[in-house]
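Listed here are the chains, written in short residue letters.
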Amino acid sequence: MTDPARHARGEAALVAAYVADAAAMGLHWLYDPERIAARSGPLAFRPADPADFEDAKGVFVHHGKRSGDLSQYGQQMRAMVQALGDADGALDIAAYQARFAALFGPGGAWPGYIDRPTRGTLANLAAERTAPSGIEDDQFPAVAKLPPLLARPSGATAEEVVAAVEVTNTGAPALDWSRAFAAMLSAALDGANAEAALDAGEAAASPETARALAAARASSADPVDFAGEVGRACHLPQGLPVIARILTSQPTAQDAVLANIRAGGDSCGRSIPLGALLGALHGIGGPAGLPPAWTLRLTEGPALAAEIEAALGPRP
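Scope of this entry: the structure provided in the associated data block. (Residues numbered from 1 in each chain as written. Predicted model: local features only at pLDDT ≥ 70, side-chain atom pairs only at ≥ 80, totals over all residues. Heavy atoms only, no water.)

## Observations regarding the overall build of the protein
Then, number 1: Across its full length, the protein holds 17 helices and two strands.
Then, number 2: For the protein, the C-alpha atoms occupy an extent of roughly 45 × 40 × 40 Å along the three principal directions.
Then, number 3: When burial is assessed residue by residue, the protein has 57% of its 316 residues classed as buried.
Then, number 4: Of the roughly 12,000 Å² of accessible surface on the protein, a fraction of 53% belongs to carbon and sulfur atoms.
Then, number 5: Seen as two clouds, the 24 positive and the 35 negative side-chain charges of the protein have centres 3 Å apart. (Helix = DSSP H or I, 4+ residues; strand = E, 2+ residues; numbered from the N terminus. Buried < 20%, exposed > 50% of the residue type's maximum accessible area, 1.4 Å probe, protein only. Areas by Shrake-Rupley, 256 points an atom, 1.4 Å probe, with all protein chains shown as cover. Lys, Arg positive; Asp, Glu negative; His and termini not counted. Charge placed at Lys NZ, Arg CZ, Asp CG, Glu CD.)

## A short note on the packing of helix H11 (residues 207-218) against helix H13 (residues 236-249)
Then, number 1: Direction vectors running N to C along H11 and H13 enclose 35 degrees, while the axes themselves pass 8 Å from each other. The two elements H11 and H13 meet at a crossing, and its hand is right-handed. In this structure, H11 contributes Ala212, Leu213, Ala216 and Arg217 to the contact, and H13 contributes Leu240, Pro241, Ala244, Arg245 and Thr248.
Then, number 2: Looking at side-chain class alone, the contact of H11 with H13 contains six nonpolar, one polar and two charged residues. (Axes fitted to C-alpha atoms, helices over the stretch in contact; angles between N-to-C directions. Left-handed = near helix turned anticlockwise from the far one by under 90°. Contact = heavy atoms within 4.5 Å. Nonpolar A, V, L, I, M, F, W, Y, C, P; charged D, E, K, R; others polar.)

## Observations regarding the side chain of Glu307
Then, number 1: Within the fold, Glu307 resides in helix H17 (residues 301-312).
Then, number 2: Taking relative accessible area as the criterion, Glu307 reaches 17% and is therefore assigned buried.
Then, number 3: Side chain to side chain, Glu307 and Arg78 meet in a polar contact 2.8 Å long.
Then, number 4: A distance of 3.2 Å separates polar atoms of two side chains, one belonging to Glu307 and the other to Gln82.
Then, number 5: Leave out the neighbours within four places in its chain, and Glu307 touches Arg78, Val81 and Gln82. (Polar contact = N/O pair within 3.5 Å; in protein donor to acceptor, adjacent residues only side chain to side chain.)

## Here's the deal with the packing of aromatic side chains
Within a pair of aromatic rings, the relevant descriptors are the distance that separates the centres and the angle that separates the planes.
Then, number 1: The full count for this structure, using the stated rule, is seven aromatic pairs.
Then, number 2: Here the aromatic rings of Phe45 and Trp294 are separated by 5.8 Å at their centres, their planes lie at 75 degrees, and the arrangement is edge-to-face. Linking Phe45 in the loop between helix H2 (33-38) and helix H3 (72-86) with Trp294 in helix H16 (residues 292-295), this pair joins segments that are 249 residues apart in sequence.
Then, number 3: Exposure remark for Trp294: the relative accessible area of 12% places this residue in the buried category.
Then, number 4: Site record: aromatic cluster; members linked through ring pairs are Tyr96, Phe100, Phe104 and Trp110.
Then, number 5: When the ring centre of Trp110 is taken as origin, the NZ or CZ atom of Lys65, which lies over that ring, is 4.5 Å away. (Phe/Tyr/Trp six-rings, centres within 6.5 Å; stacked < 30°, edge-to-face > 60°. Lys NZ or Arg CZ within 6 Å of the ring centre and 35° of its normal.)

## So, unusual backbone geometry
Then, number 1: In this structure, the amide linkage connecting Ala131 to the following residue, Pro132, adopts the cis form with an omega of 0 degrees.
Then, number 2: Tracing the chain through its elements places Pro132 in the loop between helix H5 (116-126) and strand S1 (135-136).
Then, number 3: With a phi close to 55 degrees, Asp55 is a non-glycine residue in the positive phi region.
Then, number 4: Residue position: Asp55 is located in the loop between H2 and H3.

Quick look at the structure:
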């Protein structure tokens, strides 16, 4: 029997992941926190504008994207949501690979940046190397597809997590950090608070990864400064400790999303796991939850909501 509270947390996790991704997209890959802090106007849901990147450290890749659009990470998660919906919530790796190739491959629907693991995965799929189809890499595509898998009423087995990660990413670091994130989100979906969810992540990780997460939680640094210490780039050993620091230091989901944007660098890569955790922990609305008005900023909000319902099943 489906647990209504867990189902609600699963829905909120997926909505919040999309919202956090879209909120960060305008300043994604701007590696200049001072430039970000000096921007006039809102930081969340900022239109993608190359002028924000002029004479600053960073790379502008979201040409033509509108406020409320998803980055490539949000689209990677969406492909898993759609694949689960096609299979009544069951994980079919071949179906996800087909969705992935149709979205990001030649002639696909995605008109934007293609990162290294995605390029490598597409090459492997084209060559019929499917088990696994990923490449050795520790960047954020490893975890971008995990929230919908974990948010299902039945959750996900350890074997399913590995199989999903290895669609795009292989290698010990990617798997270790992905297991840590999966344990965090699973705990939050089951009703744990932020501290207990982070405890679960450390318990599931290798000693080295657990030490990095513990150091993030113990730090007294502002998330922006902490990201400068560990790195702002696309790699899980940098991004997941920043997420742990944000969760430890920011009292509300809105504060956390804004702190992630201010930290700069691969803010969209961090947004999917961070947003999913925030949705599971705090929900939508209420004193600490994601602002409900932000959910209305998603360009394809109604379609995304329908796909989530298909993947998770109707509310009990």
